[in-house]
Amino acid sequence: MKNIFLIGFMGSGKSSVGKQLSEGLNCDYIDTDTIIETTHNKTIPEIFAREGEASFRKYESNALHNIPTENCVVSTGGGIVERSSNIDQMVETGIIVYLETDFRTIDKRLQFDTSRPLWRKNKDEKKQLYDRRIHLYQSCAAITVSTDNKLIDDLVFQITSQVANE
Ligand SMILES: Nc1ncnc2c1ncn2[C@@H]1O[C@H](COP(=O)(O)OP(=O)(O)O)[C@@H](O)[C@H]1O
Ligand SMILES: O=C(O)C1=C[C@@H](OP(=O)(O)O)[C@@H](O)[C@H](O)C1
Ligand SMILES: [Mg+2]
């Protein structure tokens, strides 16, 4: 099976959907954020605070470049599209699934979240980041699935059937 890369903004459900999707497809599961935290033995907020975002982006590209070349569902971080080399790798080696989610939905899902350093910014900055990134997500995805008002189980079902047609 080709790798399946889940992309989308913070809070779109990449980690939750990815885990269940891998179970349904009976394949390996990888979350690039988990690889980074395990490899560097630090949480993501610690990496951002001590080393800065640029360091995090290097770790993120390394994590992506070292995953197995097939049979994995990969939940990426929302900023994976910030580097065009990451996009190229995902396009060339797998199927990219974009979990499209309204900003208002994300705002609700992440209202009490403190684990995402870039979500701690003010609302205008977050909306700007969202508006800039949605073009990147849209431009590289082979499959787009809207997650607003959808149950995770239903998203897993929808993605499984769409991936089978690729
Ligand atoms: N389809 C959904 N409906 C309701 N809540 C969701 C959905 N997808 C994710 N969530 C919730 O949103 C939060 C962020 O989900 P997560 O999977 O960590 O997203 P991501 O990895 O894209 O940042 C979690 O609290 C999760 O339970
Ligand atoms: O959007 C981003 O730049 C980030 C998203 C996070 O992952 P999720 O998209 O899983 O929240 C995590 O990689 C880090 O906090 C940076
Ligand atoms: Mg995640």
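Residues numbered from 1 in each chain as written. Chains lettered and ligands numbered in written order. Predicted model: local features only at pLDDT ≥ 70, side-chain atom pairs only at ≥ 80, totals over all residues. Heavy atoms only, no water.

By the naming in an unreviewed UniProt entry, the protein goes by Shikimate kinase and is assigned to Virgibacillus phasianinus. Recorded under Pathway (unreviewed entry), the UniProt text for the protein is reproduced unchanged: "Metabolic intermediate biosynthesis; chorismate biosynthesis; chorismate from D-erythrose 4-phosphate and phosphoenolpyruvate: step 5/7." (UniProt positions renumbered as here; feature names shortened; annotations may be inferred.)

(A) How the structure looks around the site of ligand 2. The full set close to ligand 2 counts 13 residues, and Lys14, Asp33, Arg57, Arg116 and Arg133 are the nearest of them. Between an oxygen atom of ligand 2 and a side-chain N or O atom of aspartate 33, the distance comes to 2.7 Å. At 2.6 Å from an oxygen atom of ligand 2 is found a side-chain nitrogen or oxygen belonging to arginine 133. Notes on ligand 2: free accessible area 390 Å², of which the protein chains cover 97%. The site holding ligand 2 turns out to be the largest pocket. Residue classes in the shell around ligand 2 are distributed as five nonpolar, three polar and five charged. (Near = heavy atom within 4 Å. Polar contact = N/O pair within 3.5 Å; in protein donor to acceptor, adjacent residues only side chain to side chain. Areas by Shrake-Rupley, 256 points an atom, 1.4 Å probe, with all protein chains shown as cover. 1 Å grid on protein atoms, 1.4 Å probe; cavity = no way out; pocket = protein on both sides within 12 Å on 5 of 7 lines; lining within 4 Å. Sits in = over half its atoms within 2 Å of the grid points. Nonpolar A, V, L, I, M, F, W, Y, C, P; charged D, E, K, R; others polar.)

(B) Region of the structure containing the site of ligand 1. Close to ligand 1 lie 13 residues; Gly11, Lys14, Ser16, Arg116 and Lys150 are nearest. Within the side chain of lysine 14, one N or O atom sits 2.8 Å away from an oxygen atom of ligand 1. Burial of ligand 1 by the protein amounts to 70% of the accessible area it has alone, namely 560 Å². The set of elements that each furnish at least two residues to the shell around ligand 1 consists of helix 1 (14–25) and helix 8 (152–164). With three residues, helix 1 is the largest single contributor of residues to the shell around ligand 1. (Helix = DSSP H or I, 4+ residues; strand = E, 2+ residues; numbered from the N terminus.)

(C) Representation of the layout of surface pockets in the model. By volume, the largest pocket is sized at about 440 Å³. Lining the largest pocket are 26 residues, with Met10, Asp33, Ile44, Gly77 and Arg116 positioned closest to its centre. For the lining of the largest pocket, the secondary-structure elements that each account for two or more residues are helix 1, helix 2 (32–40), helix 3 (44–51) and helix 4 (53–65). In terms of residue class, the lining of the largest pocket is built from seven nonpolar, 11 polar and eight charged. (Points joined across faces, edges and corners; volume = space filled by probe spheres on them.)

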